[in-house]
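Tertiary structure, described
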Amino acid sequence: MRTVLRRPDFRLLFGALLASMAAESILLLALAIWVKDLTGSDGLAGATIFAIIAPMTLAPLVGWVVDRYRRRPFFVAANLGTAMLLTPLFAVRDRADVWIIYVVAALYGLSYLTLSATLSGLIRQLVPSELLADANGALQTVRQGLRLGGPLAGAVLYAAVGGWLLTTLAMVGFVTAAAVVGLLRVAETEPAAAALRWPAELGAGLRHLAGEPALRRALLGYGLGSLVMGFSESLIFAYVDQGLDRDAAFVGVLVTVQGVGGLVGGLLSPAVVRRVGEVGALAAGVTFFGPAALALAWPDLRLGVLALLLAGVSLPLTMVGLATLIQRRTPPRLLGRVAAASEALVSGPQACSIGAGALLVGVFDYRLLFVLVGVVTTAAGAWLWRGRRLSPPPGTPAGVPSPRRPHPAEHLTPDATRL
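Each chain has its residues counted from 1, running along the sequence as written. Only residues with pLDDT of at least 70 are given local features in this predicted model, and only at 80 or more are side-chain atom pairs given and counted; all residues enter the totals for whole chains, interfaces and linings. Side-chain numbers here rest on the full set of heavy atoms in the structure, without hydrogens or water.

A side-chain nitrogen of Lys or Arg and a carboxyl oxygen of Asp or Glu constitute a salt bridge if their distance falls within 4 Å. In this structure the tally under the stated criterion is nine salt bridges. Across the pair Asp 67 and Arg 337 runs a salt bridge whose closest N-O atoms are separated by 2.8 Å. Placement of the pair is Asp 67 in helix H4 (residues 59–67) and Arg 337 in helix H15 (residues 335–360), with a sequence separation of 270 residues. Accessibility here uses a 1.4 Å probe with only protein chains present; expressed as a share of the type maximum, an area under 20% marks a residue as buried, one over 50% as exposed, and anything in between as partly exposed. A relative accessible area of 7% places Asp 67 in the buried class. The class for Arg 337 is buried, based on a relative accessible area of 3%. Three or more residues joined by partner-sharing salt bridges are found here, namely Asp 67, Arg 71 and Arg 337. Runs of E in the DSSP output that reach at least two residues are strands. Runs of H or I that reach at least four are helices, and both are numbered from the N terminus.

Now for the nonpolar core. For soluble globular proteins, the rule of thumb is that nonpolar side chains tend to be buried together. What makes a nonpolar core is a set of buried Ala, Val, Leu, Ile, Met, Phe, Trp, Tyr and Cys residues whose side-chain atoms join them at distances within 4.5 Å. Counting 49 residues, the largest nonpolar core has Tyr 239 and Phe 370 as its most contacted members. Sorting the residues of this core by element identifies helix H10 (204–211), helix H11 (213–229), helix H12 (232–243), helix H13 (251–296), helix H14 (301–329), H15 and helix H16 (366–386) as the ones contributing at least two each. No other element matches H13, which puts 12 residues into this core. Filtering out sequence-adjacent residues up to four positions away, Phe 370 remains in contact with Ser 232, Leu 235, Ile 236, Tyr 239, Ala 293, Leu 294, Leu 296 and Ala 297. Note on contacts: a residue pair is in contact if any heavy atoms of the two residues lie within 4.5 Å.

Centre distance within 6.5 Å is the pairing criterion for rings of Phe, Tyr and Trp, where only the six-membered ring of Trp is used; planes under 30 degrees apart are then read as stacked, over 60 as edge-to-face, and the remainder as tilted. Per the stated rule, a full pass over the model turns up six aromatic pairs. Ring geometry for Tyr 108 versus Phe 174: centroids 6.2 Å apart, planes at 55°, classification tilted. Of this pair, Tyr 108 sits in helix H6 (residues 98–126) while Phe 174 sits in helix H8 (residues 163–181), and the two are 66 residues apart along the sequence. Residue class for Tyr 108 comes out buried when judged on its relative accessible area of 3%. Assessed through its relative accessible area of 2%, Phe 174 is described here as buried. Here the aromatic residues Tyr 239, Tyr 366 and Phe 370 are joined through ring pairs into a cluster of three or more. To sit over a ring, a charge needs its Lys NZ or Arg CZ within 6 Å of the ring centre and within 35 degrees of the ring normal. One cation-aromatic arrangement involves Arg 217 over Trp 383; the distance from NZ or CZ to the ring centre is 4.0 Å.

Between the first and last C-alpha of H12 there are merely 14 Å, a value that for 12 residues lags more than 12% behind the 16 Å anticipated at 1.5 Å per step. Within H12, the full set of buried residues consists of Ser 232, Ser 234, Leu 235, Ile 236, Ala 238, Tyr 239 and Val 240. Positive backbone phi, at 55°, marks Asp 245, one or two positions downstream of H12. The span expected for a helix works out to 1.5 Å for each residue beyond the first.

Glycine aside, the phi torsion of most residues is negative, and most peptide linkages are trans. Of note, Asp 245 is a non-glycine position whose phi angle comes to about 55°, a positive value. Inspection of the secondary structure assignment puts Asp 245 in the loop between H12 and H13.

This paragraph deals with the packing of H12 against H16. Throughout, an axis means a line fitted to C-alpha atoms (over the contacting stretch in the case of helices), and angles, computed between N-to-C directions, take values from 0 to 180 degrees. Taken N-terminus to C-terminus, the directions of H12 and H16 make an angle of 140°; their axes are 10 Å apart at the nearest point. By the angle between their directions, the pair H12 and H16 is classed as oblique. As H12 runs across H16, the sense of the crossing is left-handed. For the pair formed by H12 and H16, the contact residues are Ser 232, Leu 235, Ile 236, Ala 238, Tyr 239, Gln 242 and Gly 243 on the first element and Tyr 366, Leu 369, Phe 370 and Val 373 on the second. Put simply, Ala, Val, Leu, Ile, Met, Phe, Trp, Tyr, Cys and Pro go in the nonpolar bin, Asp, Glu, Lys and Arg in the charged bin, and everything else, Gly too, in the polar bin. Classifying every residue of the contact of H12 with H16 gives eight nonpolar, three polar and no charged. Should an angle fall under 35 degrees it is taken as roughly parallel, and over 145 as roughly antiparallel, whereas 65 to 115 is taken as roughly perpendicular and any remaining angle as oblique. Crossings are assigned a handedness: left-handed for a near helix turned anticlockwise from the far helix by less than a right angle, right-handed for a clockwise turn.

With that settled, consider the packing of helix H5 (residues 71–85) against H8. Two numbers describe how H5 lies on H8: the axes approach to 8 Å, and their chain directions differ by 165°. One finds that H5 runs roughly antiparallel with respect to H8. Regarding H5 and H8, the two cross each other, and that crossing is left-handed. Contacts between H5 and H8 involve Arg 72, Phe 75, Val 76, Asn 79, Leu 80, Thr 82 and Ala 83 from the former and Met 171, Phe 174, Val 175, Ala 177, Ala 178 and Val 181 from the latter. Considering only residue class, the contact of H5 with H8 consists of 10 nonpolar, two polar and one charged.

For the rest of this paragraph, the subject is the environment of Arg 337. Distance from Arg 337 to Thr 114, taken between C-alpha atoms, is 10.0 Å for residues 223 residues apart in sequence. Counted as a polar contact is a pair of N or O atoms within 3.5 Å, where, for protein atoms, one must be capable of donating a hydrogen and the other of accepting one, and residues adjacent in sequence contribute only when both atoms are in side chains. Within polar-contact distance, the side chain of Arg 337 engages the backbone oxygen of Arg 333 at 2.9 Å.

Let's shift gears to a nonpolar patch on the surface. In this scheme, patches are assembled from residues that exceed 30% relative accessible area and form no salt bridge. Like charges are connected within 9 Å, while nonpolar side chains (Val, Leu, Ile, Met, Phe, Trp, Tyr) are connected within 5 Å. Only the protein chains shown count as cover for residues, and the accessible areas themselves come from Shrake-Rupley with a 1.4 Å probe. A cluster of nonpolar residues, Phe 90, Val 161 and Trp 164, forms a patch on the protein surface that exposes about 290 Å² of accessible area. Here Trp 164 is to be found in helix H8.

Every residue carries a pLDDT, the predictor's confidence in it, which falls somewhere between 0 and 100. When the pLDDT values of the protein are averaged, the result is 82; 87% of them are 70 or greater. Looking at the elements of the protein, mean pLDDT is at its lowest for helix H9 (residues 198–202), recorded as 63, and at its highest for H16, recorded as 94. Within the model, the stretch residues 398–419 combines pLDDT values under 50 with 43 contacts to residues more than four positions away or in other chains.

Right, let's talk about the environment of Ser 342 for a bit. Among the secondary structure elements, Ser 342 is positioned in helix H15. With relative accessibility at 5%, the residue Ser 342 sits in the buried group. When residues no more than four places from it in sequence are discounted, the contact partners of Ser 342 are Leu 209, Leu 219 and Ile 326.

In structure tokens:
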């Protein structure tokens, strides 16, 4: 990672994202706590998270908009827009104003999808292909680090002062990110005019994902694992309560342990990508979640700590493997649509999984459900591992040539071709 951090342009982007990710980490949990405080309802608080995820259905439209503009100015504008959309939160006073939080949460979800799609293209422009894994790994390491203290800090600040301070700090973070990225000097050309009618342009990202063998396998395998990974969000409470016989607050300790594993995974992920390729890194991440879940079926704290460390390591491996694969296998003019579509295809199953887990834990023994999670994720990881040669490590020839023909809208350039 030191190599990519020596690049002045990436260091500038890194500093900007540090500000915006810090804002994100203190804001998300605080919105749900705010609703809980105003209404007293766990269900309404949980609906805040659903409001953030719901805009994922607009991924094709968001990606199409992103691909129509130059990355740097669009990223600046999107950060400023995110700061502005938070301003209605200053009007929240009592239960009657909860709808404002939901509207802001939904708009923030739309903004998050937009920023993610734009960032993928911006990194691809700033960083050479051989350093993409290092760049994504550095950002994941910071994200995991912020998860250690960000949500807790947000909850403490809300309890001490109220939502207005969290809103102010989040706005400052996004404005800072916009200002810093505005200092970047990136040579960008205006995106080419659309080659097809707009309905076909909207679906171009999904067609690319379906037609590129490595991306298709990555999203199918990860999507299968995501269908059960979200169960753990509810199962961990049953593990602490029924298995360890501890108070629910002890979940915070275990989340911190998982965050430590996330830091380790973020630091290791570039080396794993260089060793086994992007699909191989993704496979390792999904597979690691399997034994972690199986271990949690046995209520022993020492085993649980090891399991959560392993689960923490798995997340950055999956994120870095998938993000790097998308950036390397997608033509620049499609990158916004492909990144947005992949985000939706991953987040959708996860959202359904979280909801299903909340229902199933009230019906079945949590240990049985952890076993199910372990078996499914291990199987998904093994299937992904079998396809690792679709994205060999950088510098080695591809083991399986792609039969896919370029889409007329892609206008492939030598720099955009697959490895």
